[in-house]
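# Topology and contacts: notes
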Amino acid sequence: MEFEMYLKDSGIDFLKNHPLKDLTTFKIGGEAKYIVFPKNTKQLIEVLTVAKDKAINHVVVGNCSNILVSDKGFDGAIITTVKIDFFKIDGNVIEAECGAMLSQIAKKACEAGLKGLEFAVGIPGTVGGAVYMNAGAYDGEIKDVFEWAEVLDENLNPVKLGRTDMRFSYRHSRLKEEKLVLLKTVFCLQYASKEDITPLQKANECSKRRREKQPLSYPSAGSVFKRPPNNFAGKLIEDAGLKGYRIGGACISEKHAGFIVNVEDAKAEDVRRLIYLAQKTVYEKFGILLEPEIQFIGEFETPLFVPKDGQNSR
Ligand SMILES: Cc1cc2nc3c(=O)[nH]c(=O)nc-3n(C[C@H](O)[C@H](O)[C@H](O)COP(=O)(O)OP(=O)(O)OC[C@H]3O[C@@H](n4cnc5c(N)ncnc54)[C@H](O)[C@@H]3O)c2cc1C
């Protein structure tokens, strides 16, 4: 109640007991006690400080494009950065607040003749989510253009982290390890030379490949699993005979078996059962343990698969 009074008094936008499926690209997720929409980084820090002081369970999210939220929802505050979305391009340097949409920035950068973010044109997330995940596609990754970021440390003090401080690796960053909150970031791109195909052409090619390969007409959270070394999750799931397999309203995509799609009012547990099935079947057939790339919020009845014979996947 105290937290709610603070939200009302401070004038920060929020929703109470609202379904998170309205926020997630999966269109799945039960109610959150509070969904909070700070408009600037000052409000974000203030909400986090109050939530911490009052011991309110909370998570910072961006566009919820890589998240499966439990059907039971979240008994706390989901703090979304989507309204903290300023960015500017100055020469080959891009400064962006946490909630700016990566695909918009990438498009503007391509139009300005800058190369390095063409891969990101179809990624439907914010800068915060993209740095947290070290998002990537078509041989590009956030770490390749990342210069520095301002993040909040565990005491909610702003600190500046450079590229090596971030411990980037495949779909991984220090933000994930330490649950640090990103406020803003700076990317440094390169000017395309005359010999290169233009960044816009390259971005269009990436978008075309996406449209051809990915089930973009259904709600999803993108690739469900990380790519195993020297292999592809989608191919393994397809080879295991699971392409098109449906549980409830969720389905392993016919178009790309690495995606689970919400075909008909799917529940989060439907998705979790498909994740378990894909992990177990692929492990039993090929000895490879698929690790989820998507992040989970809330409590689930269906566990992730743990091999009985230990973690010795190939
Ligand atoms: C159709 C489709 C295609 C996709 N294609 C790709 C692709 O090609 N490559 C790829 O890498 N991903 C892809 N994704 C997944 C997703 O878009 C990316 O991971 C994206 O970067 C997530 O950003 P977000 O703002 O939606 O983050 P969210 O999903 O909101 O959050 C993801 C994680 O980041 C954390 N987080 C978010 N903001 C912050 C912040 N400011 N500070 C600290 N932590 C934060 C959250 O707590 C959460 O753990 C795709 C998804 C869809 C639906």
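Note that residues are indexed from 1 along each chain, following the sequence as it is written. Side-chain atom pairs in this predicted model are given and counted only at pLDDT of 80 or more, local residue features only at pLDDT of at least 70, and totals for whole chains, interfaces and linings cover all residues. Excluded from the side-chain calculation are hydrogens and water; included are all heavy atoms of the structure.

### Section: the environment of Met 166
Its location among the elements puts Met 166 in the loop between strand E12 (158–162) and helix H5 (174–178). Separated by 59 residues in the primary sequence, Met 166 and Phe 225 place their C-alpha atoms 22 Å from one another. Throughout, a contact is declared for two residues whenever any of their heavy atoms are within 4.5 Å. When sequence neighbours within four positions are dropped, the list of residues in contact with Met 166 reads Val 131, Phe 146, Leu 161, Ser 173, Arg 174 and Leu 175. The numbering of helices and of strands both runs from the N terminus, where a helix is a DSSP run of H or I of at least 4 residues and a strand a run of E of at least 2.

### Some words on the UniProt feature "active site" (unreviewed entry) in the protein
UniProt positions are given in the numbering used here, feature names are shortened, and annotations may be inferred rather than shown by experiment. Under the local residue numbering, the UniProt record ascribes the feature "active site" (unreviewed entry) to Arg 171, Ser 223 and Glu 293. The greatest C-alpha distance among the annotated residues, which extend across 123 residues, is 11.5 Å, indicating that they converge on a single site. With respect to the helices and strands, the residue Ser 223 is situated in the loop between helix H6 (199–213) and helix H7 (233–239). What Ser 223 contacts, discounting residues up to four positions off in sequence, is Gly 258, Phe 259, Glu 293 and Ile 294. Locating Glu 293 in the fold gives a position in the loop between helix H8 (268–286) and strand E18 (295–297). Dropping the residues within four chain positions of it, Glu 293 is found in contact with Asn 66, Met 133, Tyr 170, Arg 171, Ser 223, Val 224, Phe 225 and Lys 226.

### Quick look at the pattern of salt bridges
The salt bridge definition used is simple: a Lys or Arg side-chain nitrogen within 4 Å of an Asp or Glu carboxyl oxygen. Scanning the model with the defined rule gives 23 salt bridges in all. When the shortest N-O distance is used, the salt bridge between Glu 178 and Arg 167 registers 2.8 Å. In this pair, Glu 178 is assigned in helix H5 and Arg 167 in the loop between E12 and H5, connecting sequence segments 11 residues apart. One salt bridge in this structure joins Glu 291 and Lys 226, with 3.0 Å as the shortest N-O distance. Within this pair, whereas Glu 291 is found in the loop between H8 and E18, its partner Lys 226 is found in the loop between H6 and H7, the two being separated by 65 residues in sequence. Relative accessibility thresholds used throughout: buried, under 20% of the residue-type maximum; exposed, over 50%; partly exposed, between the two (1.4 Å probe, protein chains only). Residue classification places Glu 291 among the partly exposed positions, given a relative accessible area of 45%. In this structure Lys 226 comes out as buried when scored by relative accessible area, which is 15%.

### Focus: the environment of Val 93
Inspection of the secondary structure puts Val 93 in strand E7 (residues 93–97). Note on Val 93: relative accessible area 32%, which makes it partly exposed. The sequence separation of Val 93 and Val 186 amounts to 93 residues, and the corresponding C-alpha distance is 7.0 Å. Apart from the residues lying within four places of it in its own chain, the contact partners of Val 93 are Lys 88, Val 186 and Phe 187.

### Here we look at the layout of surface pockets
Cavities and pockets are defined on a 1 Å grid built over the protein atoms alone: a cavity is a set of grid points where a 1.4 Å probe fits but cannot escape, while a pocket is an open set with protein on both sides within 12 Å along at least five of seven lines, and lining residues are those with an atom within 4 Å of any such point. Grid points are joined across faces, edges and corners, and a volume is the space filled by probe spheres set on the points. Within this model, the second largest pocket holds a volume of roughly 210 Å³. If you trace the second largest pocket, you find 14 residues lining it, with Lys 115, Gly 116, Glu 118, Asp 144 and Val 145 closest to the centre. Its residues assigned to classes, the lining of the second largest pocket comprises 5 nonpolar, 3 polar and 6 charged. Polar here means any residue outside two lists: the nonpolar Ala, Val, Leu, Ile, Met, Phe, Trp, Tyr, Cys and Pro, and the charged Asp, Glu, Lys and Arg; Gly therefore counts as polar.

### Some details on the sheet that holds strand E13 (residues 181–188)
Pairing between strands is defined by DSSP: at least two bridges between them are needed. Spatially, E6-E7-E13-E11-E12 is the arrangement adopted by the 5 strands of the open sheet, whose pairing is antiparallel. Only two strands of the sheet have a single partner each, and these edge strands are strand E6 (87–90) and E12. Across the sheet, the mean angle separating the axes of adjacent strands is 15 degrees when strand polarity is ignored. For strand E11 (residues 146–152) and E13, the ladder comprises 6 bridges, and the chain directions are antiparallel. Among the inter-strand pairings, Trp 148 is bridged to a residue of E13, identified as Val 186. Helix axes use the C-alpha atoms of the stretch in contact, all axes being lines fitted to C-alpha atoms, and the angles between their N-to-C directions lie in the range 0 to 180 degrees. Against the sheet, helix H2 (residues 41–53) touches E11 and E13, its axis set at about 145 degrees to E13. Against the sheet, helix H3 (residues 102–111) engages E6, E7 and E13, with an angle of about 20 degrees to E6.

### Concerning the sheet that holds strand E5 (residues 74–80)
A sheet is described by the order of its strands in space; here 4 strands give the open sequence E1-E2-E5-E3, paired in mixed fashion. With partners counted over all chains shown, the strands left at the sheet margins are strand E1 (13–19) and strand E3 (58–61), one partner each. When strand polarity is set aside, the average angle formed by the axes of neighbouring strands in this sheet is 25 degrees. Here H2 sits on the sheet in contact with strand E2 (31–37), E3 and E5, set at roughly 160 degrees to E3.

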